[in-house]
Amino acid sequence: MLGGSTFVFTRALVSSLDPLIISFVRYGLTALLFLIFFCVNFTNVKFQKNDVFYMVIIGIFMFTIFPIFMALGLEITTSSRAGLLYATMPIFTIIIACIFKIETFSLSKLISVFIAFSGVYFCLSEFVDPTAPNPVKGDVLMTIGVISASIFTVFSGKFLKKYGNINVLILTIFSGSISTMLVSLFLGKKISNILVLSEMNYFYFFMLIVPGGILMMFLWGKALQIISPTQASITLGFNPITATILGHYILNEIISARIFVAIGLIIIAIIFSNWK
């Protein structure tokens, strides 16, 4: 559910700071804090060269492409819609995992994905509040980010089990942060703008980096060590709850009655996907 809060805090920041800078600062500081706390353990790990290459690639998908497209999407859509779209990750996770034969296809997975997607579509098809200037374009940008995060979810599992979630997170976040930095140097605005933010905006950054960065990523990596990518990604259905509630109280977003139906269907899908 921490993931849902990140949509709200990111959307609160995009009006004051460039999305590329937000992504770079958030994940760069998260990686740095991970390294400070777990430096000894990380330096003692011996990574295989081929594994490092693949981890850098999936790190770029998760910590460059995903946050950039998420932030760009949140400029023009609501955090509640973004949270619901993020909950569709199981669809793309199952497709990718089955294509590459990482998971076996089952009827329960298909039905659970259909239920979850039906709920999301039912909600997103409704007219949104005027605070979202271009929700459809924002939804497309967010979906690109979700697909990128799904790629990381599918292919990171074996590395998490082999090297440990902290070590993999440090390597992948650093690779993604460096890539984001390069993109922001060419396409982003002045990073010095971060020095003139309000106290509330600095609080939003803190929430993105500590509970929405370090804690969330640690728990997510731990989950991928013990359950399948599909099972882990379907639990993202709880994120819209956080995004909707916080979005209403922090950003004055309108709560649609349809979102409760969508959340209910997503929770049913979560239960059904784990049905033995």
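As the structure is a prediction and not an experimental result, all values here were calculated from the model.

A. Quick peek at the overall build of the protein. On a plain count of helices and strands, the protein comes out with 14 helices and zero strands. Each helix (α) and strand (β) of the protein, taken in turn from the N terminus, gives the series α-α-α-α-α-α-α-α-α-α-α-α-α-α. For the protein, the proportion of its 276 residues judged to be buried stands at 53%. At a minimum sequence separation of 6, the contacts of the protein that also span at least 24 residues come to 90%.

B. Focus on the environment of Leu 182. Mapped onto the elements of the fold, Leu 182 is located in helix α10 (residues 165-187). Residue classification places Leu 182 among the partly exposed residues on the basis of a relative accessible area of 44%. The spatial distance from the C-alpha of Leu 182 to the C-alpha of Phe 24 is 9.4 Å, given a sequence separation of 158 residues.

C. Seen up close, the nonpolar core. Phe 7, Phe 34, Phe 63, Phe 66, Leu 84, Met 142 and Ile 173 are the most contacted members of the largest nonpolar core, which totals 44 residues. The contact partners of Met 142, leaving out residues within four places of it in the chain, are Phe 7, Phe 66, Phe 69, Met 70, Ala 82, Leu 85 and Tyr 86. Counting 15 residues, the second largest nonpolar core, distinct from the first, contains Ala 12, Ile 21, Ala 71 and Leu 197.

D. Spotlight on the environment of Ile 111. Along the chain, Ile 111 falls in helix α7 (residues 107-124). Judged by relative accessible area, Ile 111 falls into the partly exposed class, the value being 31%. With 158 residues separating them along the chain, Ile 111 and Ala 269 place their C-alpha atoms 7.7 Å apart.

E. Broad picture of empty space enclosed by the protein. According to the stated counting rule, one finds one cavity of 30 Å³ or more in the structure shown. The space that makes up the largest cavity amounts to roughly 30 Å³. Thr 10, Ile 22, Ser 23, Arg 26, Tyr 27, Pro 67, Met 70 and Ala 71 together form the lining of the largest cavity. Put simply, the parts of the chain that give the lining of the largest cavity at least two residues each are α2 (19-37) and α4 (49-74). Residues of the lining of the largest cavity, tallied by class, amount to five nonpolar, two polar and one charged.

F. Spatial organisation of unusual backbone geometry. For Asn 252, which is not glycine, the phi torsion reads 60° and is therefore positive. In this fold, Asn 252 is placed in the loop between α13 (239-251) and α14 (257-273). Given the relative accessible area of 61%, Asn 252 is considered exposed.

G. Representation of the packing of aromatic side chains in the model. All told, the structure shown has 11 aromatic pairs when counted by the stated rule. Summarising the aromatic geometry, the rings of Phe 63 and Phe 152 are spaced 5.7 Å apart at their centres and angled 70° between planes, so their arrangement reads as edge-to-face. Highlighted residues: Phe 63 in helix α4 and Phe 152 in helix α8 (residues 135-155), separated in sequence by 89 residues. Overall, the relative accessible area of 2% leaves Phe 152 in the buried class. Ring geometry for Phe 100 against Phe 155: centres 5.1 Å apart, planes inclined by 80°, an arrangement best described as edge-to-face. With Phe 100 in the loop between α6 (89-99) and α7 and Phe 155 in helix α8, this pair connects stretches of sequence that are 55 residues apart. For Phe 100, a relative accessible area of 52% puts it in the exposed group. By relative accessible area, which is 24% here, Phe 155 ends up partly exposed.

Conventions we followed
Residues take numbers from 1 onward in each chain, read along the sequence in its written order. Local features in a predicted model are, by the rule used here, given only for residues with pLDDT of at least 70; side-chain atom pairs are given and counted only at 80 or more, and totals for whole chains, interfaces and linings are based on all residues. The basis for every side-chain value is the complete set of non-hydrogen atoms in the structure, without hydrogens or water. The numbering of helices and of strands both runs from the N terminus, where a helix is a DSSP run of H or I of at least 4 residues and a strand a run of E of at least 2. With a 1.4 Å probe rolled over the protein chains alone, any residue whose accessible area is under 20% of its type maximum counts as buried; one over 50% counts as exposed, and the rest are partly exposed. The contact criterion used throughout is that any non-hydrogen atoms of two residues lie within 4.5 Å. In plain words, nonpolar cores are sets of buried Ala, Val, Leu, Ile, Met, Phe, Trp, Tyr and Cys residues tied together by side-chain atoms within 4.5 Å. Site definitions follow a grid-based scheme: protein atoms alone, a 1 Å grid, a 1.4 Å probe that fits but cannot get out for cavities, and for pockets an open set with protein on both sides within 12 Å along at least five of seven lines, plus lining residues having an atom within 4 Å of a point. Grid points are joined across faces, edges and corners, and a volume is the space filled by probe spheres set on the points. Under this grouping Gly is polar, as are all residues other than the nonpolar Ala, Val, Leu, Ile, Met, Phe, Trp, Tyr, Cys and Pro and the charged Asp, Glu, Lys and Arg. To pair, rings of Phe, Tyr and Trp, with the six-membered ring standing in for Trp, must have centres within 6.5 Å; the planes then decide the type, stacked if under 30 degrees apart, edge-to-face if over 60, and tilted in the middle.

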